[in-house]
Amino acid sequence: MARELMLVRTEDLLLNPTNRVPIALCLDASGSMAGAPMDELNQGVRVFFDALQADPIAKASAEVALVTFADRAETAVDFQGLERISQPPVMTSTGGLTSLGEGVNLALDLLETRKDEYQNAGVDYFQPWLVLMTDAQPTDISNAQQAGQRACDMEGQGKLVVINIGIGTSADMNTLAMFSKKHKPFSLQGLKFRECFQWLSKSVIRVSQSRPGEKMDWDYKGIKGWGTLD
Amino acid sequence: MTQTTKADRVLEALKTHKILGDTCFFMDRGFTRFLSDYAEVLGCNPILIPKKVIQELKRIEKLGDHRLPAAQGALASIHAAVSDGMAEVRGEASDDHTVADNVISRVVEQHIVQHNIVVLTNDRKLRDWIYAKKRSGCFSTKNSLLVIRFGPQRGTPHVWAPADGSGGGAPPVRSAHPRPRPSHIIKRPNVPQPFARSKSIASNLDTPLHAKDDVEKAGVVYLSGRRPVRLVKKLASGGEGAVYETDQGAFLCKVYHSNRLTIGAQQKIELMTTRTVANSAICWPLEPVVDGHGVFRGFLMPRASGEPLGHGLFIPTVWRAKRPDWTRRESVQLAVRVLEQIDYLHRMRVLVGDINPMNILVRDERTVFFVDCDSFQVEGFPCPVGSPNFVAPEIQGVDFGRTLRTEEHELFAAATLLFMIMMPGKCPYSHQGGGDGAANICKMHFPYPLGEKGSTGAPEGAWRFCWSHLTRPLKEAFHRSFHKDFEGQPRIAIVTWLHLFREYARILNKDSEVFVGPRPQYGFDLSILPQNFRYIQGKGRPLPTGGETDLQRSVRRMSTATSGRRKQPTSIHGTMPAATKPSTTLGQAARRAPKGGVSVAGRYYAAGQYLPPASAAQPAQSQSNISGASLPSGAGLQTQPPPQSTIHTWLTSLSAADWYANPVVWALVAPFKALLEVLGITAIGGIIGAVILGAAGLIMGAFFGSAQQFMFGGLTWGGMIGGGLGALGGFGAAGGSISKVDDRIYSAGGFGAAAGAVAIALIAGSAWWGFLGAWLGLTGGLLAWRIATGEQKAAEYMTTWWTS
């Protein structure tokens, strides 16, 4: 990691007292997403960042990492204070494969690292989030199974909130279901990324204004406007 | 008599007399100031405090009446004074059966023959007794006997003349019994008739009210006498209800959601509105409102303005940009203003209950608004909500709708809020490796150090620096509030906090005590997020002349540390600079100070900074004395300081920094520590090395000659052993990453040792000389490192072990 970024990430921890909500967005950038879906997804992510930055507490509290996966998994944005990111990078679809397992593993690695950094610095944090979106079947099934197990274990220990979303009709909901034992995957109909991310940001804002340890009622009802509980 | 001559007389008396103190004197609010003003002389001639005084203060503390804050303040100040060598607690078994006044009288009678004695008391009876005894000639001595008290008007100490006017007219009369209350308790704005105390919760709290009208849609509610109030604009909506702008100008209206309407809510508002609160900072309900059918729907309240603390100061990086003029002074003023409101409410017997940063709006440091007042706890109506971070450990997780809070619970919340104002936004229990907020509170691990009491896991960065820029009395108050050691003990009263914060404000308002900017200077950093630990002149590490700030250092250290290496929270002792570590006591510092010169001690005290005691000699007199557990017996006054050998005194007066700052000491001691530390870590490597060398030696011996030749032989062998030592140096270099202080130290030491060993072994042609060379090389390497990094680093290295 660039030394500059490392210093910036550390400085955030040493000066900002707010309890953090780390959110790892793990998004499909495979060939099938090319064109309109990718544009909508980019706009959705933009909406997400804008909404978080508009709320003073969420802006200080939320930290977003952005991982994309196609042929390979890549870190587009690593965890850091939101005020450092004026706008998220624009994603493009990069290849034919869907390395979902690799993507989730990378996202979870980033989360683990950031959590260690929180602990070392003495920064309190809320349950981290993993937001997983894909429109196809993974091409690295064994990786995906292993990553799914990892996510479920963390979820079971109360160390992760998983939001797994299938895009459109071609998404493999069975594979997505491997990533959470607590609930079934969500299905995103049409390309309503914006509404989806609006809902996400609202949830993040609500969490950031609660206090660590406080029980959160999940606003699953809010999802009805734009998708269905499969 | 002018102030100056009064002060001179006091100073003269303190210098030349043995000093005895009485309970009421310590309870006067001027006592803290007295300590700081006369720190220098008291450091040489401590106040002798009868243990009975401590017992009396503790009794008052237990009674918990109006004298509680004064007693708490007195105990805290005495504690600080004792640990700084400015006071000593004395007592013996027979004292237990009498009162402090009698103890003092007895000691005076016993010792006036040998000493001049001055008694510190505000008690007229005691004064009269003393002067009567003196006049009657009971004491066949020419020694001086004086009384010093705090003047009732100005609160400054002066020599209290006898009532008959001999030696200066008697000051205006103030009744000695009951004991005077500190004036800051008296001078407070009047509150309305306080509410009744209630031990039981009101009934019918949750019985719903049935409302049919949709007042929000109709846009109108009614006051008594059917005066309409129009709801103009919805400002906010929450779980309980919505807040509207009204046509009544300065007043807002809160309308409860119809499913939240209860008899309890109605009765509570009706009770609250029986009082008129003439305090604009509290958005107290003014009048209930009803709908067209006369059903209770909400209430009218004054409008607040400003930004919630939680959106402002508690996100300090944003606040700094928004309010670049906001300094520590403003934060302290804000704390005072918030405390004044809480104090006001408490005197009305109202508890805020849900103290939290979203319920306090800040317009500026002198203008705050307490909103959400309908949640306050009044009589039997509880405050139904709570924010986990502000909830005392003993009531974590209870149902607030069914529980009446006590003032003790409120004091925890207030202490948390004050902490978060001074350490902008940081919760007191956040620490390295911590869990979530509520779990942290239940564990009661308070990670910040207090003088001799180290603690582990203080959050990295600005928070440690913030903490170091608080005064010692404030740190003690926070410790009492949060530290597990004080669990179950009474918490710091609001008036005590007010006193402490006003004192802090007074210090910060002196330009000579403060500075601004990232470059470290002596004194208090006015920045709300300081970048350096506090530097104290003449103490701990000296002021760096350049280079990086402490914050930059932390950032660099943390970002280079891999997550794998730093799983364990680091000890705060491992990373704090010597300045904040235990060092000499104030008393000793004063004793060491040149007579007549400017005493460093005096200056610290003026800054309100009570230096922590650390020496082996002192701890016995700190906490345990206050609790009366292990009092030194014998009320006999001593003309000599406590018996201690001079070497002992000298040793204990040296701080770690003083000790290792000396290059000779460093050169002698550091190699041993380095060797120990490196050997500890590379023991396994060392064993492997020894086996290989040993095997090589056997083979070579078989081929080339005897064991004796191996040990003392020629050039070849010397070189080989030198090489072996070089390998050890290499281990050292590899082990460099284990030093918590600086990665380079073992590289320097190791390479130095290797080079030295090889060089001398080659020159002298013997292995034994190689050992000496290795040692010299190691010393040289470490010395070079010390020169490169400076004496603080050296001291830090010597006091930090890789395991700590």
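Residues numbered from 1 in each chain as written. Chains lettered and ligands numbered in written order. Predicted model: local features only at pLDDT ≥ 70, side-chain atom pairs only at ≥ 80, totals over all residues.

### What to know about the overall build of chain A
Okay, so step 1: Scanning chain A from N- to C-terminus turns up seven helices and seven strands.
Okay, so step 2: Written out in order from the N terminus, the α and β elements of chain A read α-β-α-α-β-β-α-β-α-β-α-β-α-β.
Okay, so step 3: When each of the 230 residues of chain A is scored for burial, the buried share is 53%.
Okay, so step 4: Looking at chain A alone, contacts between residues at least 24 apart form 78% of all its contacts between residues at least 6 apart. (Helix = DSSP H or I, 4+ residues; strand = E, 2+ residues; numbered from the N terminus. Buried ≥ 20, exposed ≤ 12 C-beta atoms within 10 Å, placed from the backbone. Contact = placed C-beta atoms within 7 Å.)

### Some words on the overall build of chain B
Okay, so step 1: Looking only at helices and strands, chain B has 32 helices and 19 strands in total.
Okay, so step 2: A burial count over chain B gives 47% of its 804 residues as buried.
Okay, so step 3: Pairs at least 24 apart in sequence give 72% of the contacts found in chain B among residues at least 6 apart.

### So, the sheet that holds strand β6 (residues 157-159) of chain B
Either a parallel or an antiparallel arrangement is found when strands of a sheet pair, and the pairing is made through backbone hydrogen bonds.
All names here are of chain B.
Okay, so step 1: The strand order across the open sheet formed by six strands is β3-β2-β1-β4-β5-β6, and the pairing between neighbours is mixed. Each edge of the open sheet carries a strand with a single partner, namely β3 (87-90) and β6. On average, each strand axis in the sheet is tilted by 30° relative to the strand beside it, whichever way the strands run.
Okay, so step 2: For strand β1 (residues 18-21) and strand β2 (residues 47-50), the ladder comprises two bridges, and the chain directions are parallel. Each bridged residue has a counterpart across the sheet, and for L20 the counterpart in β2 is L48.
Okay, so step 3: Against the sheet, helix α6 (residues 68-83) touches β2 and β3, its axis set at about 105° to β3.
Okay, so step 4: Relative to strand β5 (residues 145-150), helix α8 (residues 124-135) is tilted by about 165°, and along the sheet it contacts β4 (117-120) and β5. (Pairing = 2+ DSSP bridges. Axes fitted to C-alpha atoms, helices over the stretch in contact; angles between N-to-C directions.)

### Observations regarding the interface of chain A and chain B
Okay, so step 1: Tallying the contact residues gives 26 residues for chain A and 37 residues for chain B.
Okay, so step 2: Sorting elements by how many residues they give to the side of chain A that touches chain B places helix α1 (residues 3-15) of chain A first, with seven residues.
Okay, so step 3: When grouped by side-chain class, the residues that make up the side of chain A that touches chain B number twelve nonpolar, eight polar and six charged. (Nonpolar A, V, L, I, M, F, W, Y, C, P; charged D, E, K, R; others polar.)

### Focus on the packing of helix α17 (residues 472-482) of chain B against helix α18 (residues 494-508) of chain B
Residues and elements named next belong to chain B.
Okay, so step 1: In contact at an axis separation of 9 Å, α17 and α18 are set at 150° when each is read in the N-to-C sense. Judged by the inter-axis angle, α17 sits roughly antiparallel to α18. For the crossing formed where α17 meets α18, the hand is left-handed. In contact with P473, L474 and A477 of α17, α18 contributes W497, L500 and Y504.
Okay, so step 2: Of the residues in the contact of α17 with α18, the class split is six nonpolar, no polar and no charged. (Parallel < 35°, antiparallel > 145°, perpendicular 65-115°, else oblique. Left-handed = near helix turned anticlockwise from the far one by under 90°.)

### Focus: the nonpolar core
Okay, so step 1: Of all hydrophobic cores here, the largest spans 180 residues; its most connected members are A24(A), L25(A), V67(A), A107(A), L130(A) and V131(A).
Okay, so step 2: Top element by residues in this core is helix α14 (residues 407-422) of chain B. It accounts for eleven residues.
Okay, so step 3: Structurally, this core is a two-domain feature, drawing no fewer than three residues from each of domain 2 (215-303) and domain 3 (316-576) of chain B.
Okay, so step 4: Beyond its immediate chain neighbours, meaning those up to four positions away, L25(A) contacts V45(A), V64(A), A65(A), L66(A), V67(A) and V131(A). (Core = buried A, V, L, I, M, F, W, Y, C linked by C-beta atoms within 7 Å. Domains from an automatic or database assignment.)

### Some details on the environment of D39(A)
Okay, so step 1: Within the secondary structure, D39(A) sits in helix α2 (residues 36-54).
Okay, so step 2: D39(A) sits 152 residues away from L191(A) along the chain, and the two C-alpha atoms are 9.8 Å apart.

### Quick word on the environment of G81(A)
Residues and elements named next belong to chain A.
Okay, so step 1: Counting through the fold element by element, G81 comes out in the loop between β3 (73-77) and α4 (100-121).
Okay, so step 2: When the C-alpha positions of G81 and V8 are compared, they lie 8.7 Å apart, and in sequence the two are 73 residues distant.
Okay, so step 3: Other than its neighbours up to four places away in sequence, G81 contacts D12, N16 and E63.

### Notes on the pairing of strand β10 (residues 251-256) of chain B
Residues and elements named next belong to chain B.
Okay, so step 1: The element β10 is largely enclosed, with a buried count of five among its six residues.
Okay, so step 2: As paired strands, strand β9 (residues 241-246) and β10 are joined by five bridges and run antiparallel to one another. Note that in β10 the partner of V243 across the bridge is K254.
Okay, so step 3: In sequence, β9 turns back onto β10 through a hairpin of four residues, with G249 there showing a positive phi of about 65°.

### Quick look at α8(B)
Along an α-helix, residues three or four positions apart point the same way, because every turn accommodates 3.6 residues.
Residue and element names in this part refer to chain B.
Okay, so step 1: For α8, spanning twelve residues, the distance from its first C-alpha to its last is 16 Å, which sits close to the expected 16 Å at 1.5 Å a residue.
Okay, so step 2: Those residues of α8 lying buried are L126, R127, I130 and Y131. The arc that holds the buried residues of α8, viewed along the axis, is 125°, so those residues lie on one side. Of the residues in α8, the exposed ones pointing more than 90 degrees away from the buried face are K125 and R135. (Expected span 1.5 Å × (residues − 1). Arc of directions from axis to C-beta.)

### Details of the packing of α4(A) against helix α5 (residues 141-156) of chain A
Two quantities define a packed helix pair, namely the angle between the axes and the distance from one axis to the other.
All names here are of chain A.
Okay, so step 1: Between α4 and α5, the shortest axis-to-axis distance is 7 Å and the interhelical angle comes to 35°. Here the hand of the crossing between α4 and α5 comes out left-handed. For the pair α4 and α5, contact is made by L100, G101, E102, V104, N105 and L108 and by N143, A144, Q146, A147, R150 and A151, respectively.
Okay, so step 2: When its residues are assigned to classes, the contact of α4 with α5 shows six nonpolar, four polar and two charged.

### A closer look at α18(B)
Okay, so step 1: The end-to-end C-alpha distance of α18(B) is 21 Å, a good match for the 21 Å that 15 residues give at a rise of 1.5 Å each.
Okay, so step 2: Considered for burial, the residues of α18(B) that qualify are I494(B), V495(B), T496(B), W497(B), L498(B), H499(B), L500(B), F501(B), Y504(B) and L508(B).

### Observations regarding the pairing of β5(B)
Put simply, side chains in a regular strand alternate between the two faces of the sheet.
Residues and elements named next belong to chain B.
Okay, so step 1: With five of six residues buried, β5 is to be regarded as a mostly interior element.
Okay, so step 2: As judged from the four bridges shared by β4 and β5, these two strands associate in the parallel manner. Of the residues in β5, the one forming a bridge with L120 is I148.
Okay, so step 3: Sheet analysis places β5 next to β6, joined by three bridges and oriented antiparallel. Residue pairing for β6: I148 is matched across the bridge by V159.
Okay, so step 4: Here β5 folds back onto β6, and the loop between the two strands holds six residues, one of which, G155, carries a positive phi near 75°.

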